[in-house]
Amino acid sequence: MAKCSICGKGVVFGQSVSHSHRRTNRAWKPNIRKVKAVVNGTHKTVSVCSRCLRSGKIERA
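Residues numbered from 1 in each chain as written. Predicted model: local features only at pLDDT ≥ 70, side-chain atom pairs only at ≥ 80, totals over all residues. Heavy atoms only, no water.

**Thoughts on the pairing of strand 2 (residues 23-28)**
Reasoning step 1: Direction of pairing for strand 1 (residues 12-17) relative to strand 2: antiparallel, over a ladder of six bridges. The residue of strand 2 that forms the bridge with Phe13 is Ala27.
Reasoning step 2: Counting the residues between successive antiparallel strands, the hairpin from strand 1 to strand 2 contains five residues, one of them, His21, with a positive phi of roughly 70 degrees. (Pairing = 2+ DSSP bridges. Helix = DSSP H or I, 4+ residues; strand = E, 2+ residues; numbered from the N terminus.)

This is the structure we're talking about:
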């Protein structure tokens with residue numbers, strides 16, 4: 001599942017628009033990483049987006 005367990009960032013849907021203005025469905029997926037982190041004093045594997053990892057919102061185990 002492409003969803004960050006910290007900030008809740010997930011898949012966003014929209015449309016690609018070509019030069020001739022034809023529209024097709026597409027999805028923007030967040031950069032999700034599975035990392036081992038300390039959650040409530042225990043080590044767990046959580047799905048976290050790269051922005052939360054970079055900003056230090058989670059402590060890695």
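**What to know about the nonpolar core**
Generally speaking, a soluble globular protein has its nonpolar side chains buried in company with each other.
Reasoning step 1: Cys4, Ile32, Val35, Ala37, Val46, Val48, Cys49, Cys52 and Ile58 together form the largest nonpolar core, which totals nine residues.
Reasoning step 2: Of all the secondary-structure elements, those providing two or more residues to this core are strand 3 (32-39) and strand 4 (42-49).
Reasoning step 3: Ignoring any residue separated from it by four or fewer positions in sequence, one finds Cys49 in contact with Cys4, Cys7, Lys9, Asn31 and Ile32. (Core = buried A, V, L, I, M, F, W, Y, C linked by side-chain atoms within 4.5 Å. Buried < 20%, exposed > 50% of the residue type's maximum accessible area, 1.4 Å probe, protein only. Contact = heavy atoms within 4.5 Å.)

**A closer look at unusual backbone geometry**
Reasoning step 1: Phi at His21 is positive, roughly 70 degrees, even though this residue is not glycine.
Reasoning step 2: Positive phi outside glycine occurs at Asn40, with the angle close to 55 degrees.
Reasoning step 3: By relative accessible area, which is 79% here, Asn40 ends up exposed.

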